[in-house]
Amino acid sequence: MAVTTRRRDEPAAQQPGIGQFLRDVYDELRKVVWPTAGELYRYTLIVIFTVIILGVFIGGTDYLLEAVVKRWLYTNGGAP
C-alpha cells in the first residue's frame, strides 16, 4: 500500500469547525449577485399571479369534477 505524504510547501488541512464554516458562508454570500429592488418587485408579482392562476385552475377543476361526479352518482347510481 502506497503512503502519500504532504509536501512542505502545501498548507496543512484546516480543522473543520464552526468558525471555518461561518467564514466559508460569508465568502460565498459575497459572491452572490443580489436582485435589484425592481427585479425583486417584478419577480414577486410573477409569483403572486402564478399562484392565483394555478389556484383558480385547480379550484375550478375540482368544482367541475365534483359537479360531474355528483350528477353521475345521484342520477345513475340508484336501482338497476
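Everything below is about the structure printed above this text.
Residues numbered from 1 in each chain as written. Predicted model: local features only at pLDDT ≥ 70, side-chain atom pairs only at ≥ 80, totals over all residues. Heavy atoms only, no water.

J.: Looking at this model, I keep getting lost on the overall build of the protein. Mind explaining?
T.: Secondary structure summary: the protein contains two helices and zero strands in total. Expressed as a percentage of its 80 residues, the buried residues of the protein come to 0%. By element, 67% of the accessible surface of the protein is carried by carbon and sulfur atoms, the whole surface being about 8200 Å². (Helix = DSSP H or I, 4+ residues; strand = E, 2+ residues; numbered from the N terminus. Buried < 20%, exposed > 50% of the residue type's maximum accessible area, 1.4 Å probe, protein only. Areas by Shrake-Rupley, 256 points an atom, 1.4 Å probe, with all protein chains shown as cover.)

J.: What exactly am I supposed to notice about the pattern of salt bridges here?
T.: It is possible for side chains of opposite charge to pair when their charged atoms get near one another. Enumeration over the complete set of coordinates arrives at two salt bridges. Between E28 and K31 there is a salt bridge, with the nearest N and O atoms lying 3.3 Å from each other. Here K31 and E28 lie together in helix α1 (residues 18–31), a separation of three residues that amounts to about one turn. The exposure class of E28 is partly exposed, given its relative accessible area of 47%. When its relative accessible area of 58% is taken as the criterion, K31 is described as exposed. Notably, a salt bridge pairs E66 with K70, separated by 3.1 Å at the nearest N-O pair. Here the residue E66 and the residue K70 both occupy positions in helix α2 (residues 37–76), the gap between them amounting to four residues, near one helical turn. (Salt bridge = Lys/Arg side-chain N within 4 Å of Asp/Glu carboxyl O.)

J.: What am I meant to see in a nonpolar patch on the surface here?
T.: Among the surface-exposed residues, I18, F21, L22, V25, L29, V32 and W34 lie close enough to one another that they form a single nonpolar patch of about 720 Å² accessible area. If you trace the backbone, I18 turns up in helix α1. Exposure remark for I18: the relative accessible area of 62% places this residue in the exposed category. (Patch = residues over 30% accessible without salt bridge, like charges linked within 9 Å, V, L, I, M, F, W, Y side chains within 5 Å.)

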